[in-house]
Amino acid sequence: QVQLVESGGGLVQAGGSLRLSCAASGRTFSYYDMGWFRQAPGKERDFVAAISWSADSTSYADSVKGRFTIFRDNAKNTVWLQMTSLKPEDTAVYYCAAALDVARRGGYDYWGQGTQVTVSS
């Protein structure tokens, strides 16, 4: 089992940047695929970005590609989401997620508590 805690959310003006952090605990962290999702009030939780356990592959939703970057440091048990050129439509609660093998599992098994990102126009 992995425990995940997000931080770094806040209020930012359109065009600005934020870096979200996801601190993980668990001895198997290094082998977990990680992802970021977001959810606005009354909306479905949407995929944002993902990174493989070895950081050899990443993927992004079309809406954030070129603006957001996901990266990790297994020695620090941490995954980040660097967000730039933020838009009001990026406003949501952002969640960190983990799975030992996301392809095998068909999704993510563990989730953080979420951190609020608000982008003002």
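Attention here is on the structure that accompanies the text. (Residues numbered from 1 in each chain as written. Predicted model: local features only at pLDDT ≥ 70, side-chain atom pairs only at ≥ 80, totals over all residues. Heavy atoms only, no water.)

## Notes on the pattern of salt bridges
Consideration 1: Counted by the stated rule, this structure contains three salt bridges.
Consideration 2: As a salt-bridge pair, arginine 105 and aspartate 109 come within 3.0 Å of each other at their nearest N and O atoms.
Consideration 3: When salt bridges that share partners are traced, they join Arg38, Arg67 and Asp90 into one network. (Salt bridge = Lys/Arg side-chain N within 4 Å of Asp/Glu carboxyl O.)

## Here we look at unusual backbone geometry
Consideration 1: Backbone geometry at alanine 55 places phi at a positive 65°, although glycine is not the residue there.
Consideration 2: With respect to the helices, strands and loops of the structure, alanine 55 is situated in the loop between strand S5 (46–51) and strand S6 (58–60).
Consideration 3: Taking the relative accessible area as the measure of exposure, alanine 55 reaches 40% and is therefore partly exposed.
Consideration 4: In this structure, asparagine 77 takes a positive phi of about 55° despite not being glycine.
Consideration 5: In this fold, asparagine 77 is placed in the loop between strand S7 (68–73) and strand S8 (78–83). (Helix = DSSP H or I, 4+ residues; strand = E, 2+ residues; numbered from the N terminus. Buried < 20%, exposed > 50% of the residue type's maximum accessible area, 1.4 Å probe, protein only.)

## Re the pairing of strand S4 (residues 33–39)
Remark: a regular strand shows side chains that alternate across the two faces of the sheet.
Consideration 1: Buried residues dominate S4, accounting for six of its seven residues.
Consideration 2: With seven bridges connecting them, S4 and strand S9 (residues 92–99) associate as antiparallel partners. From the neighbouring strand, tryptophan 36 faces S9, where its bridge partner is cysteine 96.
Consideration 3: Bridge count for S4 against S5 is five bridges, and the pairing is antiparallel. Its bridge partner being in S5, tryptophan 36 is matched across the sheet by alanine 49.
Consideration 4: Between the antiparallel neighbours S4 and S5 lie six residues, among them glycine 42 with a positive phi of about 75°. (Pairing = 2+ DSSP bridges.)

## Structural notes on the packing of aromatic side chains
Consideration 1: Scanning the model with the defined rule gives seven aromatic pairs in all.
Consideration 2: Between the aromatic rings of phenylalanine 37 and tyrosine 108, the centroid separation amounts to 5.4 Å while the plane-to-plane angle is 75°, which identifies the pairing as edge-to-face. Placement of phenylalanine 37 in strand S4 and of tyrosine 108 in the loop between helix H1 (102–105) and strand S10 (110–111) is noted, with a sequence separation of 71 residues between them. Exposure class is identical for phenylalanine 37 and tyrosine 108. Each is buried.
Consideration 3: Three or more aromatic residues joined by ring pairs form one cluster here, namely Phe37, Phe47, Tyr108 and Trp111.
Consideration 4: Residue placement shows arginine 45 over the ring face of tyrosine 95; its charged tip is 3.9 Å from the ring centre. (Phe/Tyr/Trp six-rings, centres within 6.5 Å; stacked < 30°, edge-to-face > 60°. Lys NZ or Arg CZ within 6 Å of the ring centre and 35° of its normal.)

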